[in-house]
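Architecture and fold: a report
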Amino acid sequence: MVEIIIMTTIALSVAMVIPFYRVAVGPTVYDRILGVGVMGTKAIVLITLVGFIFDRFDMFIDIALAYALLNFIGTVAVAKYLERKGIEH
Amino acid sequence: MNILDILGSVILVAGLIFVLIGSIGIIRFPDFYTRTHAAGKCDTLGLVLVLIGLGFHVEGMLNTIKLLLIAVFIAIANPTATHAIARAAYRLGLKPLLDLKSKDSQNDTLS
């Protein structure tokens, strides 16, 4: 049953590389923040899948839970910082 | 292979389809506000489906409860973060793309 989990991990890694294009060449700074947020959210699910494959699920699920909180706080903090500071396009 | 494993695998593959379509939408949509559409809804549903499908495969009640906790947190937090970025962009005057012909009006600001 671990084969479909490995296939899911590979497909999710490919789907995680695709928004990196938007981070690299995005026209505005908001596109870059959006791409980083999407990649971080996919990394949460990727951590749980890797924990299932390596049979250390009870440890990796806690790391994923902490990373989910940290990713959300980081994205909202950058958005609030830009909104308060103001940038020129 | 019992019925729960098959059900979990079907949900897992359905979530993967949503995630891949959302990733393609992030690089293919022409405007920032349309990209938030792909990132806020499509990716959220796909990742929640992947986590629920993984919950059918793990053993142990506590691990399943923690997986459901992460799924609920992603379903709440990911659209909130996307909304925060979109509101910051709108407050700072990023203009939505209203005409597909003139793609260079993407970086114009509201006067």
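Reference entry: report on the structure contained in this document. (Residues numbered from 1 in each chain as written. Chains lettered and ligands numbered in written order. Predicted model: local features only at pLDDT ≥ 70, side-chain atom pairs only at ≥ 80, totals over all residues. Heavy atoms only, no water.)

1. Some thoughts on the overall build of chain B
Put simply, the rule is: Labels follow the DSSP assignment, with helices taken as runs of H or I lasting at least four residues and strands as runs of E lasting at least two, numbered in each case from the N terminus. Each residue gets one of three labels from its accessible area relative to the maximum for its type: buried under 20%, exposed over 50%, partly exposed in between, using a 1.4 Å probe on protein chains only. The contact rule is simple, with two residues in contact once any of their heavy atoms fall within 4.5 Å. Reported accessibility uses the Shrake-Rupley method at a 1.4 Å probe radius. Residues are deemed covered only where the shown protein chains occlude them.
A count of helices and strands for chain B gives 3 helices and 0 strands. In sequence order, chain B lays out its α and β elements as α-α-α. Each of the 111 residues in chain B was classed as buried or not, and the buried ones make up 48%. When contacts within chain B are restricted to residue pairs at least 6 apart in sequence, those whose partners lie at least 24 apart make up 63%. Of the roughly 5,900 Å² that chain B leaves accessible, carbon and sulfur atoms contribute 70%.

2. A few points about the interface of chain B and chain A
Here is the rule: Buried area is a sum: the accessible area each of two parts loses on coming together, probed at 1.4 Å, counted once for each and added. Throughout this description, the term salt bridge denotes a Lys or Arg side-chain nitrogen within 4 Å of a carboxyl oxygen of Asp or Glu. Side-chain atoms alone can form a polar contact between residues adjacent in sequence; in general such a contact is a pair of N or O atoms within 3.5 Å, and within protein one must be able to donate a hydrogen while the other accepts it.
Tallying the contact residues gives 47 residues for chain B and 43 residues for chain A. Taking both partners together, chain B and chain A bury about 4,100 Å²; carbon and sulfur atoms supply 79% of that area. Taken together, chain B and chain A are joined by 5 salt bridges. In this structure, the salt-bridge partner of K66(B) is D62(A), at a minimum N-O distance of 2.9 Å. Across the contact surface, chain B and chain A share 8 residue pairs in polar contact (both at pLDDT 80 or more). Listing elements by their share of the side of chain B that touches chain A, those giving two or more residues are α1 (3-28), α2 (32-55) and α3 (61-91) of chain B.

3. Topic: the environment of F20(A)
Inspection of the secondary structure puts F20(A) in helix α2 (residues 20-25). The sequence separation of F20(A) and M39(A) amounts to 19 residues, and the corresponding C-alpha distance is 7.7 Å.

4. Let's talk about the side chain of T9(A)
With respect to the secondary-structure elements, T9(A) resides in helix α1 (residues 2-17). Look past the residues within four positions of T9(A) in its chain and what remains in contact with it is L46(A), L49(A), V50(A) and I53(A).

5. Points about the packing of aromatic side chains
Ring pairs (aromatic) are described by centroid distance and by the angle formed between their planes. The condition is simple: Any pair of Phe, Tyr and Trp rings, taking the six-membered ring for Trp, is counted once the centres come within 6.5 Å. Such a pair is stacked with planes under 30 degrees apart, edge-to-face with planes over 60 apart, and tilted for the rest.
Scanning the entire structure with this criterion turns up 4 aromatic pairs over all chains. On the basis of an interplanar angle of 50° and a centroid distance of 5.7 Å, the ring pair of Y30(A) and F32(B) is categorised as tilted. One end of the pair, Y30(A), is in helix α3 (residues 29-53); the other, F32(B), is in helix α2, on a second chain. A relative accessible area of 0% places Y30(A) in the buried class. What makes F32(B) buried here is its relative accessible area of 1%. Ring centres of F52(A) and F57(A) lie 6.3 Å apart, and the angle between their planes is 85°; on these two criteria the pair is classed as edge-to-face. Members of the aromatic cluster, connected to one another through ring pairs, are Y30(A), F32(B) and Y33(B).

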